[in-house]
Amino acid sequence: YSSPFSKNSADWGTFGDFMGGLLNPTLSFFALLALLKTTKIQSNEILNNRKMLTFQQFENNVFQQMGLLQNIIEDIHLEGNYSYKINGIKKNFSFDEAIEGRRAVMKLHALFDKTLFEVRHDHKGNVGKYEDFYESFLHSILGHYFRSIYRLISYVDKQDNDIISEEKKIYYIHNIRAQLSSSELYFIFYSSLSKWGENFKPLIEKYSLFEHLYPKGVIATNLILYKLDAFGENEEICSKYTKQQENHKRRQTN
């Protein structure tokens, strides 16, 4: 029997050198692949941890700003004599006892709502009446509130999609929306149509901030100053909106 393997030890040494030269680079290559894979996994973990940290910071900021908003509302205090001027007409009013918080916002809502019907012949319309009301009185009561609610909605909207998805943005803003009273929505409605609200109005439309707006809360003819998207799935308001839009088109045609 003849063995296929050489009995010469020198030949085995040559063969060993050959195999070593072949295997060492191969093993080094696989070791490099394993190292790269490990590095990638570690990098992804670090990135995910950073994203998680950033998301936690985002969420904390949102809750802090929501808390600030509630504090602003709770700190509203009306008592004594006040006055405002709309379309050149001065109005005086007073509160014999202290009125605070959301109850105060409701009183202001009723006051301005009544004024819209009492003051006539304003070429700037209801938005112009609101601007007069705000400049002569309301800014001292709700100015900080309007800035805070806009800053909060804008903060969520501007977040990078790698940190929070569009769906999550809608989720957080709709949670913010759920905290707003009818009177707050009423004033945001007119404030965002005024000369101070041009940056807020697109966000209201984008996130359907008025979906829970009380249907009788605003004058119907003012609804179409917004896009229909602003009212979300509020069927009663959307129905009024459509009718007003049709009436507006007929008036323009005639």
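A quick note: this is a predicted structure, and the numbers were derived from the prediction, not measured.

Focus on the overall build of the protein
Next up, step 1: Scanning the protein from N- to C-terminus turns up eight helices and two strands.
Next up, step 2: Scanning the protein from its N terminus toward the C terminus, one meets helices and strands in the order α-β-β-α-α-α-α-α-α-α.
Next up, step 3: When each of the 254 residues of the protein is scored for burial, the buried share is 37%.
Next up, step 4: A sequence separation of at least 24 residues applies to 62% of the contacts in the protein between residues at least 6 apart.
Next up, step 5: Total accessible area computed for the protein in this model is approximately 15700 Å², and 53% of it derives from carbon and sulfur atoms.

What to know about the environment of Ala 98
Next up, step 1: If you trace the backbone, Ala 98 turns up in strand β2 (residues 89-100).
Next up, step 2: Separated by 20 residues in sequence, Ala 98 and Leu 78 place their C-alpha atoms 5.7 Å apart.
Next up, step 3: Not counting chain neighbours up to four residues away, the residues in contact with Ala 98 comprise His 77, Leu 78, Glu 79 and Arg 103.

Considering unusual backbone geometry
Next up, step 1: Backbone geometry places Asn 87, a non-glycine residue, at a positive phi of 55 degrees.
Next up, step 2: Along the chain, Asn 87 turns up in the loop between β1 (77-86) and β2.

Describing the packing of aromatic side chains
The geometry of an aromatic ring pair is captured by two quantities: the separation of the ring centres and the angle between the planes.
Next up, step 1: Inspection of the entire model under this criterion finds 32 aromatic pairs.
Next up, step 2: Ring geometry for Phe 189 against Tyr 190: centres 5.1 Å apart, planes inclined by 75 degrees, an arrangement best described as edge-to-face. This pair shows no difference in class: Phe 189 is buried, exactly as Tyr 190 is.
Next up, step 3: Over the ring of Tyr 171 we find Lys 168; its NZ or CZ atom is 5.3 Å from the centre of that ring.

Here we look at the environment of Asp 160
Next up, step 1: Its location among the elements puts Asp 160 in the loop between α3 (125-157) and α4 (166-178).
Next up, step 2: A distance of 2.8 Å separates the side chain of Asp 160 from the backbone nitrogen of Asp 162, its partner in a polar contact.

Some thoughts on α4
Next up, step 1: Given a rise of 1.5 Å per residue, 13 residues ought to cover 18 Å, and the 18 Å separating the end C-alpha atoms of α4 matches this to within 8%.
Next up, step 2: The complete set of buried residues in α4 reads Lys 169, Tyr 172, Ile 173, Ile 176 and Arg 177. Axial view of α4: buried residues confined to an arc of 145 degrees, hence all on one face. α4 presents Glu 167 and Ala 178 as exposed residues on the side facing more than 90 degrees away from its buried surface.

With respect to a negative patch on the surface
Next up, step 1: Taken together, the side chains of Glu 74, Asp 75, Glu 79 and Glu 100 define an acidic patch exposed on the protein surface.
Next up, step 2: Tracing the sequence through the fold places Glu 79 in strand β1.
Next up, step 3: On the accessibility criterion, Glu 79 (43% relative accessible area) is partly exposed.

Describing the pairing of β1
Side-chain positions along a regular strand alternate between the two faces of the sheet.
Next up, step 1: Looking at chain direction, β1 and β2 are connected through nine bridges and run antiparallel. Note on β2: the bridge partner recorded for Lys 85 is Lys 90.
Next up, step 2: What sits between β1 and β2 in their antiparallel hairpin is a turn of two residues, with Asn 87 showing a positive phi close to 55 degrees.

Here we look at the confidence of the model for the protein
Next up, step 1: Per-residue pLDDT for the protein has a mean of 84; in total, 78% of the residues score no lower than 70.
Next up, step 2: Per-residue pLDDT, averaged within each element of the protein, yields its smallest value for helix α1 (residues 9-74) (68) and its largest for helix α6 (residues 200-206) (97).

Quick look at the packing of helix α2 (residues 101-118) against helix α5 (residues 182-191)
Next up, step 1: Look at α2 against α5: their axes get within 9 Å of each other, and the N-to-C directions meet at 50 degrees. Taken together, the axes of α2 and α5 are oblique relative to one another. Relative to α5, the crossing made by α2 is left-handed. For the pair α2 and α5, the contacting residues are Arg 102, Val 105, Met 106, Leu 108, His 109, Phe 112, Asp 113 and Leu 116 in the first and Ser 183, Glu 184, Tyr 186, Phe 187 and Tyr 190 in the second.
Next up, step 2: Class assignment of the residues belonging to the contact of α2 with α5 gives a composition of eight nonpolar, two polar and three charged.

Each value, and the rule that gives it
Residues numbered from 1 in each chain as written. Predicted model: local features only at pLDDT ≥ 70, side-chain atom pairs only at ≥ 80, totals over all residues. Heavy atoms only, no water. Helix = DSSP H or I, 4+ residues; strand = E, 2+ residues; numbered from the N terminus. Buried < 20%, exposed > 50% of the residue type's maximum accessible area, 1.4 Å probe, protein only. Contact = heavy atoms within 4.5 Å. Areas by Shrake-Rupley, 256 points an atom, 1.4 Å probe, with all protein chains shown as cover. Phe/Tyr/Trp six-rings, centres within 6.5 Å; stacked < 30°, edge-to-face > 60°. Lys NZ or Arg CZ within 6 Å of the ring centre and 35° of its normal. Polar contact = N/O pair within 3.5 Å; in protein donor to acceptor, adjacent residues only side chain to side chain. Expected span 1.5 Å × (residues − 1). Arc of directions from axis to C-beta. Patch = residues over 30% accessible without salt bridge, like charges linked within 9 Å, V, L, I, M, F, W, Y side chains within 5 Å. Salt bridge = Lys/Arg side-chain N within 4 Å of Asp/Glu carboxyl O. Lys, Arg positive; Asp, Glu negative; His and termini not counted. Charge placed at Lys NZ, Arg CZ, Asp CG, Glu CD. Pairing = 2+ DSSP bridges. pLDDT = per-residue confidence, 0-100. Axes fitted to C-alpha atoms, helices over the stretch in contact; angles between N-to-C directions. Parallel < 35°, antiparallel > 145°, perpendicular 65-115°, else oblique. Left-handed = near helix turned anticlockwise from the far one by under 90°. Nonpolar A, V, L, I, M, F, W, Y, C, P; charged D, E, K, R; others polar.

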